[in-house]
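Descriptive structure summary
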Amino acid sequence: ENDIIDQLPLRGKKVLITAGPTYEAIDPVRFIGNHSSGKMGFEIAKASANLGAEVILVSGPTHQKVNHSLIHVIPVTSAQEMYDATHLHFKDVDIAILSAAVADYKPKYAASQKIKKKETTLTLELEKTKDILASLGEIKTKQYLVGFALETNNELENAKAKLKKKNLNLIVLNSLNDKGAGFKKETNKVTLIDAEDKVTEYELKSKADVAKDILNVIIKEVHA
Ligand code: CTP
Ligand code: CA
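Cut-off values and rules
Residues numbered from 1 in each chain as written. Chains lettered and ligands numbered in written order. Predicted model: local features only at pLDDT ≥ 70, side-chain atom pairs only at ≥ 80, totals over all residues. Helix = DSSP H or I, 4+ residues; strand = E, 2+ residues; numbered from the N terminus. Rg over C-alpha atoms; globule rule 2.2 N^0.38 Å. Buried ≥ 20, exposed ≤ 12 C-beta atoms within 10 Å, placed from the backbone. Contact = placed C-beta atoms within 7 Å. Pairing = 2+ DSSP bridges. Axes fitted to C-alpha atoms, helices over the stretch in contact; angles between N-to-C directions. UniProt positions renumbered as here; feature names shortened; annotations may be inferred. Near = placed C-beta within 6 Å. pLDDT = per-residue confidence, 0-100.

Taking an unreviewed UniProt entry as the reference, the chain is identified by name as Coenzyme A biosynthesis bifunctional protein CoaBC belonging to Lacinutrix iliipiscaria.

Put into structure tokens, the structure is as follows:
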């Protein structure tokens, strides 16, 4: 009996995941985006479902594909759409893992017609998007909330500050400095930091294996 429970440690749990980039419209044919492939988030979704969880995967534009009866994909484009979809489901979930590379700024005014080429320079006014992760940290009750951090300097210090500021249970620090880790790559090197300041550094490995490492820590803490 216990063996079966241990094989599917997330059975009966609902997991909300964000993945991929967001696109912020400049005009009907142009946007501000980033190079996130969505791979890490999709691997976390697959690993969660394989452990028995019911998964809601809110994904920005990606080429990733998934076909699993326990994974429900909600495609979104902009940071605001990702915010809305995420908030719609957050109250019902046990675990939320926000791996999306959300745009920090968006054009203040998206032009309704294609912007014509005119002067030598063009200035776009940008405004901040809503921080989805921080907004969930403010309203969370029972949910175990996981964020990501991408840093190029003072990595540990900055990641710890993000964990506290956004009221997270766990933060996944992505080491972009290491060869073979990060955006568009098949591999990743991460350091996990929990709310008790426990720091665990992992080796460079496939994103599928990184996903398993992250879920192992979450399962231990959720069941503790
Ligand atoms: N995040 C989010 N909504 C945003 C921006 C970020 O939900 N508008 C989430 C990301 O999904 C990630 C975490 O916040 O889980 C950290 O993202 P990161 O870009 O590393 O940090 P920021 O808080 O945006 O700060 P900065 O980019 O200035 O380092
Ligand atoms: Ca950011």
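Anyway, onward from the coordinates.
When its secondary structure is counted, the chain shows six helices and 14 strands. In summary, the chain has a C-alpha radius of gyration of 18 Å against a globular reference of 17 Å for 224 residues, a match within 12%. Across its three principal axes, the chain shows a C-alpha extent of roughly 70 × 40 × 35 Å. Burial statistics for the chain: of 224 residues in total, 37% are counted as buried. For the chain, contacts bridging at least 24 residues in sequence account for 60% of all contacts bridging at least 6.

Reading across from one edge, β5-β4-β1-β6-β9-β10-β12-β13 is the order of the eight strands in this open sheet, with mixed pairing throughout. Only two strands of the sheet have a single partner each, and these edge strands are β5 (71-75) and β13 (199-201). Across the sheet, the axes of successive neighbouring strands diverge by a mean angle of 15 degrees, strand direction being ignored. Sheet analysis places strand β4 (residues 54-59) next to β5, joined by five bridges and oriented parallel.

Once that is clear, we can look at the UniProt feature "coiled-coil region" (unreviewed entry) in the chain. According to UniProt, the feature "coiled-coil region" (unreviewed entry) maps to residues 146-173 in the numbering used here. In the segment residues 146-173, helix accounts for 39% and strand for 36%; the C-alpha atoms at its two ends are 11 Å apart.

Another point: the site of ligand 1. Surrounding ligand 1, one finds 16 residues, the nearest of these being V102, I132, L133, G147 and F148. Among the elements that line the shell around ligand 1, the one with the most residues is strand β9 (residues 144-151), at four residues.

Per the UniProt record, "binding site: CTP" (unreviewed entry) is found at D104, K114, F148, K162 and K166. A maximum C-alpha distance of 37.9 Å among these annotated residues, which run over 63 residues, shows that they spread across the structure rather than meeting at one spot. Relative to the helices and strands, D104 resides in the loop between β6 (95-98) and β7 (105-107). Filtering out sequence-adjacent residues up to four positions away, D104 remains in contact with K128 and T129. By the element assignment, K114 lies in the loop between β7 and β8 (126-128). If we skip the residues at most four places from it in the chain, K114 touches D27, P28 and V29.

Moving on, we come to the confidence of the model for the chain. Mean pLDDT over the chain stands at 94; residues scoring 70 or higher make up 93%. Scoring the predicted complex yields pTM 0.95 and, for the interface, ipTM 0.98.

Turning to unusual backbone geometry, a few remarks are in order. With a phi close to 45 degrees, N154 is a non-glycine residue in the positive phi region. In this fold, N154 is placed in the loop between β9 and α5 (155-165). With a phi close to 60 degrees, N167 is a non-glycine residue in the positive phi region. Here N167 is to be found in the loop between α5 and β10 (170-175). Owing to 16 C-beta atoms within 10 Å, N167 belongs among the partly exposed residues under this scheme.

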